[in-house]
Every structure is written in C-alpha cells, then in structure tokens.
Amino acid sequence: LPGSELLNLTVKDVALANGTIRPIIEVARTRRKPPVRCVLSKATAQALGKWIAVSDKKRTDYISPGRGAGRPRPMTARQMNRLVKSWVIDAGLDPT
C-alpha cells in the first residue's frame, strides 16, 4: 500500500468502540480501487494501542495527524518523508 493511503487512517479504522485494536483492518484506497484488508502483527497492534492511549485520540482523529491549526487533516506524504529522514539522521545513517 502507498503511504498516503495509510496516512488517512483514523482511530475508528483500527480500533473497536471498546478500544481494542482490530487484528484485521480494511484500508480504503484512492482512485476507485477496492479496499484492501491488512492483518496487523501483534507488535503493530500493541504499538497502535499505546499511541492512541498516550496521545488521547478520539475515534474520529487521524492516527498520523498533520500539523497546522484549524480543521484536522492527516499527515501529508511530504511531512512523513521529512519525519522519516530526521529519524534516519538521528540514527546516524545516510539519508540519501
């Protein structure tokens, strides 16, 4: 899946109403493509559950929120690229 489709996920896409992370999620696709079902590993489900709890997200919040005030929007692909690049540099690796 392209990262841009993952960036549009909301809490309700990955978690049940009681807060339990779904073992299988359905990711809506763009450009008239059918949705894709994805199985989450236990480690991924645990990480998502912790992130949602620690960040105090509501069911309608994006998992990866973008920056900026006003209407909530998902993180853009460009923002994600910058974030990953900073992690690579922080790890002492070559970002190119």
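The structure we're discussing is the one just above.
Residues numbered from 1 in each chain as written. Predicted model: local features only at pLDDT ≥ 70, side-chain atom pairs only at ≥ 80, totals over all residues. Heavy atoms only, no water.

Structural notes on the overall build of the chain
Quick reminder of the rule: Secondary structure elements are taken from DSSP: a helix is a run of H or I of four residues or more, a strand is a run of E of two residues or more, and numbering for both begins at the N terminus. Only protein chains enter the accessibility calculation, which uses a 1.4 Å probe; a residue is then buried when its area is under 20% of its type maximum, exposed when over 50%, and partly exposed in between. The contact definition used throughout considers only heavy atoms, calling two residues in contact when any of these lie within 4.5 Å. The charge count includes Lys and Arg as positive and Asp and Glu as negative, but it does not include His or the ends of the chains. Every charge is mapped onto a representative atom, which is NZ of Lys, CZ of Arg, CG of Asp or CD of Glu.
Tallying secondary structure elements over the chain gives four helices and two strands in all. Ordering the α and β elements of the chain from the N terminus gives α-α-β-β-α-α. In terms of its C-alpha atoms, the chain occupies a principal-axis envelope of roughly 40 × 35 × 35 Å. When each of the 96 residues of the chain is scored for burial, the buried share is 21%. Long-range contacts, defined as pairs at least 24 residues apart, comprise 39% of the intrachain contacts of the chain with a sequence gap of at least 6. Of the charged side chains in the chain, 18 are positive and 7 negative; the average position of the first set lies 5 Å away from that of the second.

Here we look at helix 3 (residues 42–54)
Short version of the rule: Expected span, for any helix, means 1.5 Å times one less than how many residues it has. Directions from the helix axis toward the C-beta atoms define the arc.
Here helix 3 contains 13 residues, and its C-alpha end-to-end distance of 18 Å stays within 8% of the 18 Å for a straight helix at 1.5 Å per residue. Those residues of helix 3 lying buried are Ala45, Leu48 and Ile52. Considered in projection along helix 3, the buried side chains sweep an arc of 65° and stay on one side of the axis. Within helix 3, the exposed residues directed more than 90 degrees away from the buried face are Lys42, Ala43, Gln46, Lys50, Ala53 and Val54. In the core, the buried residues of helix 3 are packed alongside helix 2 (11–14). Once helix 3 finishes, aspartate 56 follows within two positions and takes phi at roughly 55°, a positive value.

Description of the layout of surface pockets
Condition: In the cavity and pocket records, a cavity denotes points on a 1 Å grid over the protein atoms alone where a 1.4 Å probe fits but cannot get out, a pocket denotes an open set with protein on both sides within 12 Å along at least 5 of 7 lines, and lining residues are residues with an atom within 4 Å of a point. Grid points are joined across faces, edges and corners, and a volume is the space filled by probe spheres set on the points. Asp, Glu, Lys and Arg are counted as charged, while Ala, Val, Leu, Ile, Met, Phe, Trp, Tyr, Cys and Pro are counted as nonpolar; the rest, among them Gly, fall into the polar class.
There is about 390 Å³ of room inside the largest pocket. Lining the largest pocket are 18 residues, with Leu6, Leu7, Ile63, Ser64 and Met80 sitting closest to its centre. Those elements giving two or more residues to the lining of the largest pocket turn out to be helix 1 (3–7), helix 3 and helix 4 (77–90). Among the residues making up the lining of the largest pocket, the classes are represented as 15 nonpolar, three polar and no charged.

Let's talk about the pattern of salt bridges
We count it as follows: Whenever Lys or Arg places a side-chain nitrogen within 4 Å of a carboxyl oxygen from Asp or Glu, that contact is recorded as a salt bridge.
Under the counting rule described, the total for this entry stands at one salt bridge. Residue glutamate 5 pairs with arginine 29 through a salt bridge whose shortest N-O separation is 3.0 Å. With glutamate 5 in helix 1 and arginine 29 in the loop between strand 1 (24–27) and strand 2 (36–39), this residue pair connects regions lying 24 residues apart in the sequence. The class for glutamate 5 is buried, based on a relative accessible area of 3%. The exposure class of arginine 29 is partly exposed, given its relative accessible area of 25%.

As for unusual backbone geometry
Of note in the backbone geometry, aspartate 56 takes a positive phi value of approximately 55° without being a glycine. As for its placement among the helices and strands, aspartate 56 is situated in the loop between helix 3 and helix 4.

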